[in-house]
Amino acid sequence: MTWQPARESAPVVWLSKLAKLAPGKSIRGGVPVCWPWFGAHATEAGYPGHGYARTVPWEVHGTAATADGATQLTLRLCESEQTRAMWPHASRAEIRITVGKTLKVALTTHNMGDADFVIGEALHTYLHIGDIGEVRILGLEGCEYMDKAGGGVRRNQEGAVTFTGETDRVYVSTEAECVIEDARLQRRIRVAKSGSRSTVVWTPWAEKADKMGDFGPDGWRAMVCVESANALENTVTVPARGCHTLAVEYSTEPH
Ligand code: BG6
């Protein structure tokens, strides 16, 4: 739900003070796992947005201390009749979280069946920043994106990403590392990924955050989501008996 390396005076992964920690609810903050689809389901309007992985229980499959002093947790999603009704594929979702000087999160989808299937996914990470009006995101220059807040039109990113209002963009066909430059907290957060061809950048801004109700007053100003994803034309075909891993490493450095 949050992560703050020892040398940092502020968390790197943001958690809302008003996050609702209740069964079946998604948490406002942390690293929500969007799986096995991203955004709205392609055909079933009644299915949960961003899939069901972020609102069902996971079980601890393993824990380890790594040689370099990090702590590693491996979790598996618990399937149920309800999840199987929405996702009738023989699959296993596993997440490995390595907490140390950096934070690593790796989401693996195993296809245990005899037919390929297609997934959408994201590690929907909320990053803690000094102020949304003062950060820049580098790494997406020249990329094409779908502008969800701007009616779904396609545009090209010119220069660094900066924020002056609600921003909801799916950058497609990019494997680039992103850096969040934070002038106020005097640091850079680096987001380095593999197995991910989309990057989603999201900030709700005042009005939407207010409606959502779980950000707290001005909470939205202290976060930005930089999501390592496979969405839109970048959904992934997981071959029969095969697997796919989306992995991200978060680290910080002085600005
Ligand atoms: C982003 C989407 O990934 O998640 C946005 O692009 C959405 O459209 C946001 O508003 C938050 O979603 P939720 O379901 O956690 O409120």
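Presented here is an overview of the structure given in this document. (Residues numbered from 1 in each chain as written. Predicted model: local features only at pLDDT ≥ 70, side-chain atom pairs only at ≥ 80, totals over all residues. Heavy atoms only, no water.)

## Points about the overall build of the protein chain
For the protein chain, the count of helices and strands is 2 helices and 18 strands. The C-alpha atoms of the protein chain give 18 Å as radius of gyration, which agrees with the globular expectation for 255 residues (18 Å, within 12%). With respect to the principal axes defined by its C-alpha atoms, the protein chain has extents near 50 × 45 × 35 Å. Considering the protein chain as a whole, with its 255 residues, one finds that 49% of them fall into the buried category. A separation threshold of at least 6 residues defines the contact pool for the protein chain, and within that pool the share at least 24 residues apart is 65%. Total accessible area on the protein chain is roughly 11,900 Å²; 50% of this is exposed by carbon and sulfur atoms. (Helix = DSSP H or I, 4+ residues; strand = E, 2+ residues; numbered from the N terminus. Rg over C-alpha atoms; globule rule 2.2 N^0.38 Å. Buried < 20%, exposed > 50% of the residue type's maximum accessible area, 1.4 Å probe, protein only. Contact = heavy atoms within 4.5 Å. Areas by Shrake-Rupley, 256 points an atom, 1.4 Å probe, with all protein chains shown as cover.)

## Quick notes on the sheet that holds strand β2 (residues 58–65)
An order of β2-β3-β4-β5-β18-β14-β13-β9 is seen for the 8 strands of this open sheet, with the pairing classed as antiparallel. The open sheet has two free edges, formed respectively by β2 and β9 (135–138), since each of these has just one partner strand. When strand polarity is set aside, the average angle formed by the axes of neighbouring strands in this sheet is 15°. Relative to strand β3 (residues 71–77), β2 runs antiparallel, the two being bridged by 7 bridges. Pairing of Glu59 across the sheet is with Arg76, part of β3. (Pairing = 2+ DSSP bridges. Axes fitted to C-alpha atoms, helices over the stretch in contact; angles between N-to-C directions.)

## Comments concerning the side chain of His124
Among the structural elements, His124 can be located in the loop between β7 (121–123) and β8 (126–128). Looking at His124, the relative accessible area reads 4%, which means it is buried. Once residues lying within four places of it in the same chain are set aside, the contact partners of His124 are Gly30, Val31, Pro32, Cys34, His50, Trp202, Cys225 and Glu227.

## Overview of the packing of aromatic side chains
Given two aromatic rings, their pairing is described by the distance between the two centres and the angle made by the two planes. What the rule picks out here adds up to 11 aromatic pairs. Judged by centre distance (6.0 Å) and plane angle (85°), the ring pair of Trp35 and Tyr52 falls under edge-to-face. A residue pair is termed long-range when its members are at least 10 positions apart, and Trp35 in the loop between β1 (33–34) and β2 and Tyr52 in the loop between β1 and β2 qualify at 17 residues. Here Trp35 matches Tyr52 in class, with each residue buried. (Phe/Tyr/Trp six-rings, centres within 6.5 Å; stacked < 30°, edge-to-face > 60°.)

## Description of the site of the ligand
Lining the immediate environment of the ligand, one finds Arg28, Phe38, His50, Arg54, His124, Lys148, Asp168, Val200, Trp202, Lys208, Met212 and Glu227. Contact between the ligand and Arg28: an oxygen atom at 3.2 Å from a side-chain N or O atom of the residue. The side chain of Asp168 places a nitrogen or oxygen atom 2.5 Å from an oxygen atom of the ligand. Against a free-state accessible area of 400 Å², the protein chains account for coverage of 84% of the ligand. Elements that contribute at least two residues to the shell around the ligand include exactly β15 (198–203) and α2 (205–212). A class-by-class count of the residues in the shell around the ligand yields 4 nonpolar, 2 polar and 6 charged. (Near = heavy atom within 4 Å. Polar contact = N/O pair within 3.5 Å; in protein donor to acceptor, adjacent residues only side chain to side chain. Nonpolar A, V, L, I, M, F, W, Y, C, P; charged D, E, K, R; others polar.)

## What to know about the state of the cysteines
Scanning the entire structure with this criterion turns up 0 disulfides. Summary of cysteine pairing: Cys34 is not part of a disulfide, and the nearest cysteine sulfur, belonging to Cys225, is at 9.1 Å. Looking at Cys34, the relative accessible area reads 0%, which means it is buried. (Disulfide = S-S within 2.5 Å.)

## Remarks on the pattern of salt bridges
Evaluation of the coordinates by the stated rule reveals 18 salt bridges. Ionic pairing is found between Asp214 and Arg28, a salt bridge with its closest N-O pair at 2.9 Å. Within this pair, whereas Asp214 is found in the loop between α2 and β16 (223–230), its partner Arg28 is found in the segment before β1, the two being separated by 186 residues in sequence. Summarising the burial analysis for this pair, Asp214 and Arg28 share the class buried. When the shortest N-O distance is used, the salt bridge between Asp131 and Arg221 registers 2.7 Å. Linking Asp131 in the loop between β8 and β9 with Arg221 in the loop between α2 and β16, this pair joins segments that are 90 residues apart in sequence. On the basis of relative accessibility, which here comes to 10%, the residue Asp131 falls in the buried class. (Salt bridge = Lys/Arg side-chain N within 4 Å of Asp/Glu carboxyl O.)

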